[in-house]
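# Coordinate inspection notes
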Amino acid sequence: MEINRVNTRIIPFRFEYHSPSSLGEALTILSRYGSEARILAGGTDLLVDMKQRLVEPRHLVDIKRIPELRLLREDVGGFIIGSAVKLRELERSEAIKGRLPLLHEAVSSMGSVQVRNMATLGGNLCRASPSADAAVALLALEAEVLIAGPTGAKRVPLEGFFLGPRATLLRPDEILTGVYVPYPPEGAGSAFIKLGRTSLDLAIVNIAAALKLRGGIVEHCRIAMGAVAPKPLRLRNIESLLSGRELTPEALEEALGMVEASIKPITDIRATAEYRREVSKVLLRDALKTATERCGGRRS
Amino acid sequence: MSMSGKSFRVLGERTARKDGLARVRGLERYASDYYLRNMLHARVLKSPYPHARVRSIDVSEAEGLGATVITFRDIPRVRFCPRLVSTPEATYKDWLVLTDRPLYVGEPIAAVAAESEEEAQRALESIRVEYEVLEPILDPLDSMRPGGPQLHETILLGDEEVRVEGNLACRLEVAEGDVEKGFGEADVVLEREYRTSRRYHSQLEVKSALVNPEPDGGVSIWCTTQTIHNTRLLIHEIFGIPTSRIRVYRLPLGGSFGSSIHTNLVVPIAVALALKAGRPVKLAYTREEDMHDHSSYQMIFRLKLGAKRDGRLTAGELDMVMDIGAHQVQAYPLLGCVVGWWVSLYKLPSKRYRGRAIYTNKVPSCAMRGYGNPQTTWMVESMVDELAEAVGMDPLEFRLKNYVGKGDIFWGQGPTVKSVIESCGVEEILRRGAELIGWDKRPKPGEQRGRYRRGIGLGRGFHTSSAGAAVPGTVVDYSGAILKVNEDGTIDYITAMVDQGGGSLEAHAKIIAEELGVPLEVVNIVAADTQTTLYDVCTHASRGVYAGGGAALRAAREVKGKLLELAARVLDAYPHALEIRPDEELGQGIIYARGVEGKEITIGDLTTMARHKNWGTIASAVSFRPGSCPPHFTAFFAEVEVDTSTGRVRPVRVVAGADIGTVINPDLAEGQIHGGFAMGWGLAVLEDTPYDPETGDLLCRGYITDYKVPTAADMPDVEDFKVFFVETHEPTGPFGAKGLGEAAKNPAAAAVANAISNALGVRFYELPITPDRILKALREKG
Ligand SMILES: Cc1cc2nc3c(=O)[nH]c(=O)nc-3n(C[C@H](O)[C@H](O)[C@H](O)COP(=O)(O)OP(=O)(O)OC[C@H]3O[C@@H](n4cnc5c(N)ncnc54)[C@H](O)[C@@H]3O)c2cc1C
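Residues numbered from 1 in each chain as written. Chains lettered and ligands numbered in written order. Predicted model: local features only at pLDDT ≥ 70, side-chain atom pairs only at ≥ 80, totals over all residues. Heavy atoms only, no water.

## Considerations on the overall build of chain A
When helices and strands are counted, chain A shows twelve helices and 14 strands. Since a compact globule built from 300 residues should have a radius of gyration of about 19 Å, the 20 Å found for chain A is in line with a globular shape. Dimensions of chain A, computed from the C-alpha atoms along their principal axes, are close to 60 × 45 × 35 Å. For chain A, the residues scored as buried account for 57% of the 300 residues in total. The contacts of chain A with a sequence gap of at least 6 include a subset with a gap of at least 24, amounting to 63%. By element, 52% of the accessible surface of chain A is carried by carbon and sulfur atoms, the whole surface being about 12,500 Å². The positive charge centre, built from 42 side chains, and the negative charge centre, built from 35, are 4 Å apart in chain A. (Helix = DSSP H or I, 4+ residues; strand = E, 2+ residues; numbered from the N terminus. Rg over C-alpha atoms; globule rule 2.2 N^0.38 Å. Buried < 20%, exposed > 50% of the residue type's maximum accessible area, 1.4 Å probe, protein only. Contact = heavy atoms within 4.5 Å. Areas by Shrake-Rupley, 256 points an atom, 1.4 Å probe, with all protein chains shown as cover. Lys, Arg positive; Asp, Glu negative; His and termini not counted. Charge placed at Lys NZ, Arg CZ, Asp CG, Glu CD.)

Pasting the structure below:
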C-alpha cells in the first residue's frame, strides 16, 4: 500500500552509482544497462521520484563530472548551455541576465537557493513536467535541444521534445547534452510570470512572452504557457493572431478570447481547472503588457 | 528600564541567547540527531484505510528478514489519553499504541526494527495484512447524524467506561444571564456561521524517539516532547514500568506549536520495540508520516451577537461543532477554553454556549499555537467589525467600548478557571497601533474599483499566561526549579521545562541573573531529565516565562536568602542589609554591605568557604503553582493588497502591539510576533488539509509540496512590520512578566480577514480565504 511504501526520505532498494568523466563513457554505461539506468543530474526531481517509488533504477549515471555538459558558452547567434549547468549558475551569470533575460527571470523563480544550487537546466527539461519553469521560457525563446546517443548527435526544436508528463523524445541510451538558445531579435522585450500559492511553489500557471514591436506593429511574438496542458505549450495561434498587428485593446481582447480554447487545464490540489482558465488570461494580459514595456530597451 | 518605571539590569536588555549559535550553525542536537551503539532503526506500518478492521496480519516474512516486529498483540491493551494535563475525571481515553481497528489513514498497526532504516523499510513492505474495509465518515456534521458508521463504541472517562452516541466525543454547555432578554434589548442582532480549516503544524522537526532498554528493566528516552514528565507518566501507564526507571531526557525542540503537548505515538512504539528487541531503537517519522500524525482542530461556529445602538453588547450565543479526527487528545478541555476565549474578548452581560466535539475518520487533532483561540478570535473579530458597521460605529471604538480589561472577571481557561485581570494595556495598544497604521485614513469597504485594492484590518486578542488558578480545577499547572551555586560562583539551573525554540529557558536564566545580581553568563542551563528534575507540566498555554519563570524566580529568591545569610556570617553584617552586584571583570556576583567599604565577598569565595566550613551546598528546589493565568494582550493592524484578477492577497504593512507585562527578551519577543503573524497569515489565506473522498487520505498525501506555508519571502519587509510593546506590570508574574507565544498569533488571521473585507467590501465566513474563493465572491458580488 502506498502509504507504507513511499515518503521523501528513504530509498529502500539498492542501486549502483556510476560517475563517468566523459560523454563517451556515460553513453557506454547507458547502452549497457538500458532502461535499468537513469541519468542523475542535480537529483532534485529524480531522488524525489525514487523515494516516491515512481522509478526504481538499478543504475544511476551521474553526469555532473562530464566537463562539456557543464559548459556555458556563446555560439553563433545565441548560447549553448550544457545540460548539467546549475540553475544558480545561470541566475548568477551576467551574460545570461543581459542576453537572455527571459530565461534568467524564469530560472530565478525556481525553488529555493538550495534547490537552484543543485538543480540543472537539463533536468528541468528531461523531467518534462507540465509546469517546468525553464521549459516554458525556453519554448518562447525557440530553443533547440542537443542530444547525444550511440549513433551520434542531433539537434531538434524543443517544442517537439516533450511528449507528455515525464515523457520526452529521449531514448534510455541517449543524453541531453545541452540547449541552444538563440538571442531574441534586437529590441525585443520579454516577461516571465509565475503564479504559485506562495513564493516557493511550483506554478499553478506560468507564462513566458517575447515581443518585438516596430512602429507599434507586432513584428515578433512568442508565447508559451505551463501547467495548463499535459506538457508546456507554445501558443502559436495567439502568436499569429498578434503578429503584424497593432497591440490595440481589441487585438488584446481577441487574443485573450483564444486562450481558453488553446489550453486544457486540469483540477488538482494546486488549483481548479476553472481558476487556471481564468488566470491564464490574466497572465497573458500581464505578460504582454510587461514585455511591451520592456521593448526597445537594451539589446535584449 | 521598563515603561512601568521599574529599572532592571538584565531584563529587557538585548542579549544573545545561550543556545543561539549552536542552533543557527546546525550544531544543536535534536532528538533525531542522537545515536546509540548497536541501535536498531524502526518503521511503522500504517493503515491505508480511513476505517477498517484488521482480519489477519502475517509478519513471518519480516521476521525472516531478521527484523523485530510488533503488532497490536505485543502491546498491553491499555486505552489511554496521550496528553496528561487534565485530572483523571476530565480525561477521555480512546487510544491504543497499535490498533486492529484503524480509524484514520496512517493509524499505526504494526512496527518493525532492523539494522538500518532501509532494511526496516523492506521488512515493513513484506508484512501482509488483510483488512475488512469499513465505511468512513469524513465530515463532522455527517458524522453526528444517526445511522452512520460509529468510530468508537465505548471510551473511558477516567476509569469509567462510557458509551459513545452519534460519534459525539464530548460536549459542554455553559450559560450565564438571561440571553433572551439580552437579545430583546439589542437594537441589532447578527447571526452567522463561520468555518475554519484543518491545518498541519509544519514544525521543522518531525516526531522522533530513541529508546534504550536499561538492564534494570527500565528505559531511557530521547524524544520530541513538550513535557518530559508527562511522557514518563504515560509510558508508566501503558507499560507498567516503575516511574523511577523511566528516564526521559529534555532536548531542544525544532519547533512544535502544540504537536507534542501530548506524547507522540513514536515514543510508546519505540519503547515496545526496544523492550522486545533488547536493543536501542530509533524511530524518526518521515515528513509524510508526521503529517499523518497530528492536525489542528477544525471548528464550525454558529455565532449570534446583539448590540445596542450605542455599541454596547447585550447578549451572545455560540454553538460550536469541532472535528477532532479519530481520537481525543484534549477535546474536552478545549470545549471549555473555546467558551473562555469567546467571552473573554468582549463583555457579554448574558451568554449561552454549546460545544460539541465530533469524531471523524481523520488524523487526530491536537492543540496548535493558540489552542482554538485563533479560530475563535477570527470569528468574533469578524462579527465585531460587522456589528460596528451595523450600528454605525468605528470598529476600533466599538472594541474599546466592549473589551474585557483591568478589573474585569477573566474566564481565560474556561468556566471553571476565573480570575480578575490585574494588568491590561489594551487601550494603549489600540490607540498607538491605530496611529501608526493610519487607521483614520483606511478606505471605506467596497469603495475601490481598480484591479489592486488595499484594505486595513484590525484584529485584537489575548491568551492566558499558563493555566494557573486560585483553585485546583481540572488542569494541572505547576513548575519546578532547582538552583545550586558552584564553587566558582556560577549557578546551575535545573528544570524539566522544555524550550520549544522560543527561548523560554533563556528568559529563566535572565530572571535568575536579575534576582541574584549576577552576570547572565554565570547562569548555566543544565542538561536534565526526569530523574534529576522536579515536575513541570508542559511548555504550553504560553506559560514558559510566566509559570516556569515564576518557579525560577522563587528558587533564586531562596538561594539569594541563603547567600546573604552566609555572607552575613563571613562579613559580620546583617543579611537584610546586604546586596549583590555583578562584577563583569570577575565574571561573578559580589555580595556587599551597602555603604561600608571592604565588606564584600564574591559568590565564588563564599561558596568555597562554605565548603571548607562544611556549611553545605547553597541550593534551592522550588515547586511553584501560579495562582492565576493573566491574559497577555495583542493587536494586529494589517494592510493587505488584493489582486482582484488573480485573487492573490499580499501583506503590505503590519503594525503589531503587545502587552506582555515586563519584556524580558525584546528581540525574541518581537520574533514571536513576526512568527505569529506568519502562522496567522497561513490560517487566513493559505492552509488546509482537505481529504480525498475516494481514498479517505489527505489530498496532499502528506507531501509538503502541496501543503504550503508562508515563507519569509511571503511576509512584508521587516521595515514594514512594526512591533511595539506597551509595558504593564503584572503583579502575579515574575518581575511583572506575562506570556506571549500564543497571543502573538491569535488575532493575526482576524486582522488579515478584516483587511481583505475592508479592501473588497465582501465578508468571508470560511477559512482559508483562497484566491479561488476571492474570485468567486467577487463574481457573485458582480
Ligand atoms: C523543493 C523543490 C522546489 C522546486 N521548484 C521548482 C520550480 O519552482 N520550478 C520548476 O520548474 N521545478 C522545480 N523543482 C523541480 C526540479 O528542481 C527542477 O525540475 C530541476 O531543474 C530538475 O533538475 P535536476 O538537475 O535536479 O534533475 P534530476 O532530478 O537530476 O533529473 C530529472 C530527470 O531528468 C533526467 N535527466 C536529467 N538530466 C538529463 C540529461 N542531461 N539527459 C537525459 N536525462 C536527464 C533524469 O534521469 C530524471 O529523470 C523543484 C524541486 C524541488 C525539490
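Structure's up, so let's keep going.
## A few points about the site of the ligand
All names here are of chain A. Close to the ligand lie 28 residues, the nearest being I39, T44, L46, T120 and D133. In the environment of the ligand, an oxygen atom lies 2.8 Å from a nitrogen or oxygen atom belonging to the side chain of K194. Going through the elements one at a time, β2 (37-40), α8 (121-126) and β10 (175-182) are the ones with two or more residues in the shell around the ligand. Here the residues of the shell around the ligand sort into 14 nonpolar, eight polar and six charged. (Near = heavy atom within 4 Å. Polar contact = N/O pair within 3.5 Å; in protein donor to acceptor, adjacent residues only side chain to side chain. Nonpolar A, V, L, I, M, F, W, Y, C, P; charged D, E, K, R; others polar.)

## With respect to the packing of helix α9 (residues 331-343) of chain B against helix α10 (residues 373-390) of chain B
Residues and elements named next belong to chain B. Running from N to C, α9 and α10 point in directions that differ by 40°, and their axes come no closer than 9 Å. The orientation of α9 with respect to α10, classified from their angle, is oblique. For α9 against α10, the interelement crossing comes out right-handed. Facing α9, whose interface residues are V338, W341 and W342, α10 presents N373, T376, M379 and V380. The class makeup of the residues in the contact of α9 with α10 is five nonpolar, two polar and no charged. (Axes fitted to C-alpha atoms, helices over the stretch in contact; angles between N-to-C directions. Parallel < 35°, antiparallel > 145°, perpendicular 65-115°, else oblique. Left-handed = near helix turned anticlockwise from the far one by under 90°.)

## A word on the interface of chain B and chain A
Taken together, the contact between chain B and chain A spans 42 residues of the former and 33 residues of the latter. Between chain B and chain A lies a buried interface of about 3,100 Å² when both sides are counted; carbon and sulfur atoms form 50% of it. Of all residues in chain B, Y703(B), D706(B) and K708(B) bury the most surface against chain A, accounting for 17% of the area lost on that side. At the junction of chain B and chain A, the tally comes to nine salt bridges. The salt bridge involving R270(A) is made with D706(B); its shortest N-O contact spans 2.8 Å. Counting the contacts that link chain B with chain A gives 21 residue pairs in polar contact (both at pLDDT 80 or more). For the side of chain B that touches chain A, the element with the most residues is helix α3 (residues 117-125) of chain B, which contributes six residues. (Buried area = accessible area lost by both parts, 1.4 Å probe. Salt bridge = Lys/Arg side-chain N within 4 Å of Asp/Glu carboxyl O.)

## Some thoughts on the sheet that holds strand β28 (residues 631-643) of chain B
Residue and element names in this part refer to chain B. Ordered in space as β20-β28-β29-β30, the four strands form an open sheet in which the pairing is mixed. Two strands close off the open sheet at either side, each with one partner strand: β20 (452-464) and β30 (721-725). Within this sheet the neighbouring strands show an average axis-to-axis angle of 15°, counted without direction. Where β28 lies against strand β29 (residues 649-659), ten bridges are found, and the strand directions are antiparallel. Across the sheet, E639 pairs through a bridge with R653, a residue of β29. (Pairing = 2+ DSSP bridges.)

## Remarks on the domain arrangement of chain A
All names here are of chain A. According to the domain assignment, chain A consists of domain 1 (7-60), domain 2 (69-182) and domain 3 (189-297). Domain 2 and domain 3 are separated by 21 Å when their C-alpha centres are compared. The partner domain 3 presents 26 residues to the 24 residues of domain 2 that form the contact. Summed over the shared surface of domain 2 and domain 3, the result is six salt bridges. The salt bridge involving R234 is made with E142; its shortest N-O contact spans 3.3 Å. Between domain 2 and domain 3 we count eleven residue pairs in polar contact (both at pLDDT 80 or more) in total. Top element by residues in the side of domain 2 that touches domain 3 is helix α9 (residues 133-140). It accounts for six residues. Split by residue class, the side of domain 2 that touches domain 3 holds 14 nonpolar, six polar and four charged. (Domains from an automatic or database assignment.)

## Thoughts on the domain arrangement of chain B
Residue and element names in this part refer to chain B. Splitting chain B by domain gives domain 1 (20-28 + 478-624), domain 2 (34-134 + 204-255 + 260-291) and domain 3 (298-470 + 628-781). The C-alpha-based centres of domain 1 and domain 3 are spaced at 38 Å. Across the contact, 18 residues belong to domain 1 and 24 residues belong to domain 3. Of the roughly 1,400 Å² buried between domain 1 and domain 3 on both sides combined, carbon and sulfur atoms contribute 63%.

## Some details on the nonpolar core
Within the largest apolar cluster, 196 residues are counted, with the highest numbers of intra-cluster contacts made by I269(B), W342(B) and I756(B). Top element by residues in this core is helix α17 (residues 748-760) of chain B. It accounts for ten residues. In contact with W342(B), other than residues within four places in its own chain, are L303(B), L305(B), G316(B), E317(B), L318(B), L348(B), K351(B), R352(B), Y353(B), T376(B), M379(B) and V380(B). Ranked by size, the runner-up nonpolar core spans 40 residues in total, among them L90(A), L139(A), A143(A) and L176(A). (Core = buried A, V, L, I, M, F, W, Y, C linked by side-chain atoms within 4.5 Å.)

## Structural notes on the sheet that holds strand β26 (residues 600-602) of chain B
Residue and element names in this part refer to chain B. Overall, antiparallel pairing links the three strands, which are arranged β24-β25-β26 in an open sheet. Each edge of the open sheet carries a strand with a single partner, namely β24 (578-583) and β26. Across the sheet, the axes of successive neighbouring strands diverge by a mean angle of 25°, strand direction being ignored. The pairing of strand β25 (residues 588-593) with β26 spans three bridges and is classified as antiparallel. Residue pairing in the sheet places Y592 in a bridge with E600 of β26. Helix α14 (residues 544-571) rests against β24, β25 and β26 of the sheet, and its axis sits at about 105° to β24. The sheet contacts of helix α15 (residues 603-612) involve β24, β25 and β26, and relative to β26 the element is tilted by about 80°.

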